[in-house]
Amino acid sequence: MALEDAKSEVDTAFTRKGLRGYAFENAFGGATSFLRRTYTKDLTGVDLAITGVPFDQAVTHRAGTRFGPRAIREASSLMPFDPPHGWPTNPLAEMSIVDYGDCAFDYAKVSDFPDTLTAHIRTILAAGAGTVTLGGDHYITYPILKAYAEKYGPLGVIHFDAHSDLWPDDDLTRIDHGTMLYKAVKTGIVDPGRSVQIGIRTTTEDYLGVHVIDAREVHERGVAAAVARAKDIVGDKPTYVTFDIDCLDPSAAPGTGTPVWGGLHSWQAAAALRDLAGINMVGGDVVEVSPPYDTTGATAIAGAHVAYELICLYHWARTER
C-alpha cells in the first residue's frame, strides 16, 4: 500500500478492512474520522477508542471549543500515511484503534452533562479499551477522570496548561473549566502528590499539593529537565495526561478561548510528549481547541499532533515499559 492507493481509497472511516494500518486516501477528501480510523460503536477487540466531546458551556471567556473535535479530526487527515516521527514503535499498525465518535448529550440540560460523559467513558473502559478524548473545554477532564478513578483508583495526572484549573470551588454542581483539577483533587480521584502541571503562567494561591513546572522553568532549564522531574513525580502508577492547547504560546496556537503569552513552543511540547515514554499512561485528552479563533487551522493541527502523541504514549505503555 502506498500513495498510489489514493486513486481508489476513499471514506476509509467506513470502508477499511480491519482496525489496523495506514490510510492513503487524499488528505483533502473523504470522511474525516481521527487518523482515518474506523467509525464504530463496536468495541470488540479494540485497544484504544478516540472520542470527541463537543462541549463548551463551561468557558470563562470565548466559546467555540464545541467545534474542536471536528476540526482536530479534519486536521488529522494530514497524518495517517506514515509511522509517527521519532517513535520506534508503530501504533497504527500494532494496535486496534477506532474512532468511537462523539459523546451525545442534551445541550439544553447542562447539569446532566457530567454524568453523561462519565457514563460514556465508563462504557469504553468496561470494554477493555483506553481513551484519547478530543475536546471541548477543559471541564470535560473532570467527568472523564471520575470514570478512570472508578477503574484505577486515585490517578496521577500530567497536566499541560497555561492555567492551573485550581480555582477554589466546592460546589460540585458548578460546571467551570477553571475548577476542573480543584474538584478532581478535592473529591479524591486525583493524587496531588503524584501530579504535575507543565507550562503554567498564571497566578494560583494554592496548588493543593500539585507539583508545578511553569513555562519559564521549561524555557530556562529545558525540556529534558522538566520531563525527568515529571516522570519522577508520577512514577509507575496509572497516569492520565491532559493537554490544554493554551499550554502552547498564542503564536503557535491562537485558536483557544483564554490565550496567555509566554507559552511553550510547539517543538517543546512535541519533545516533552515524546520523552514521557515509559509512564504508565492509561488515558488522555487534548482540549480547548477553538477553531473560530484561528483561520489558519494551525491550532487544530497542533491538537491533532498532540492526540497522536498521546496514542503513542498509550501504545508504548502497553508494549515497551
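Here's a quick rundown of the structure. (Residues numbered from 1 in each chain as written. Predicted model: local features only at pLDDT ≥ 70, side-chain atom pairs only at ≥ 80, totals over all residues. Heavy atoms only, no water.)

## Let's talk about the packing of helix α2 (residues 68-75) against helix α10 (residues 298-319)
Axes are the key here: two packed helices are described by the angle between their axes and the distance separating the axes.
Thought 1: The interhelical angle for the contact between α2 and α10, taken along N-to-C directions, is 75 degrees, at an axis separation of 8 Å. Taken together, α2 and α10 sit at an angle that is classed as roughly perpendicular. Across the interface between the two elements, Ala 71, Ile 72 and Ala 75 from α2 touch Ala 300, Ile 301, Gly 303 and Ala 304 from α10.
Thought 2: Classifying every residue of the contact of α2 with α10 by side-chain character gives six nonpolar, one polar and no charged. (Axes fitted to C-alpha atoms, helices over the stretch in contact; angles between N-to-C directions. Helix = DSSP H or I, 4+ residues; strand = E, 2+ residues; numbered from the N terminus. Parallel < 35°, antiparallel > 145°, perpendicular 65-115°, else oblique. Contact = heavy atoms within 4.5 Å. Nonpolar A, V, L, I, M, F, W, Y, C, P; charged D, E, K, R; others polar.)

## A closer look at the pairing of strand β2 (residues 48-53)
Thought 1: For β2, the tally of buried residues reaches six of six residues, placing the bulk of the element in the interior.
Thought 2: Where burial is concerned, the two faces of β2 agree: the one with Leu 48, Ile 50 and Gly 52 and the one with Ala 49, Thr 51 and Val 53 are both buried.
Thought 3: Where β2 lies against strand β3 (residues 97-102), four bridges are found, and the strand directions are parallel. Its bridge partner being in β3, Gly 52 is matched across the sheet by Asp 102.
Thought 4: As judged from the six bridges shared by β2 and strand β4 (residues 130-135), these two strands associate in the parallel manner. From the neighbouring strand, Thr 51 faces β4, where its bridge partner is Thr 133. (Buried < 20%, exposed > 50% of the residue type's maximum accessible area, 1.4 Å probe, protein only. Pairing = 2+ DSSP bridges.)

## Considering helix α4 (residues 113-126)
Thought 1: For α4, built from 14 residues, the straight-helix expectation of 20 Å at 1.5 Å per residue is met to within 8% by its first-to-last C-alpha distance of 20 Å.
Thought 2: All of the buried residues along α4 are Phe 113, Pro 114, Leu 117, Thr 118, His 120, Ile 121, Ile 124 and Leu 125. The arc that holds the buried residues of α4, viewed along the axis, is 155 degrees, so those residues lie on one side. Away from the buried face of α4 by more than 90 degrees, exposed residues Asp 115 and Ala 126 are located.
Thought 3: Buried residues along α4 sit in contact with β2, β3, β4 and α5 (141-152).
Thought 4: Where α4 ends, the next residue or the one after it, Gly 128, has phi of about 95 degrees, a positive value. (Expected span 1.5 Å × (residues − 1). Arc of directions from axis to C-beta.)

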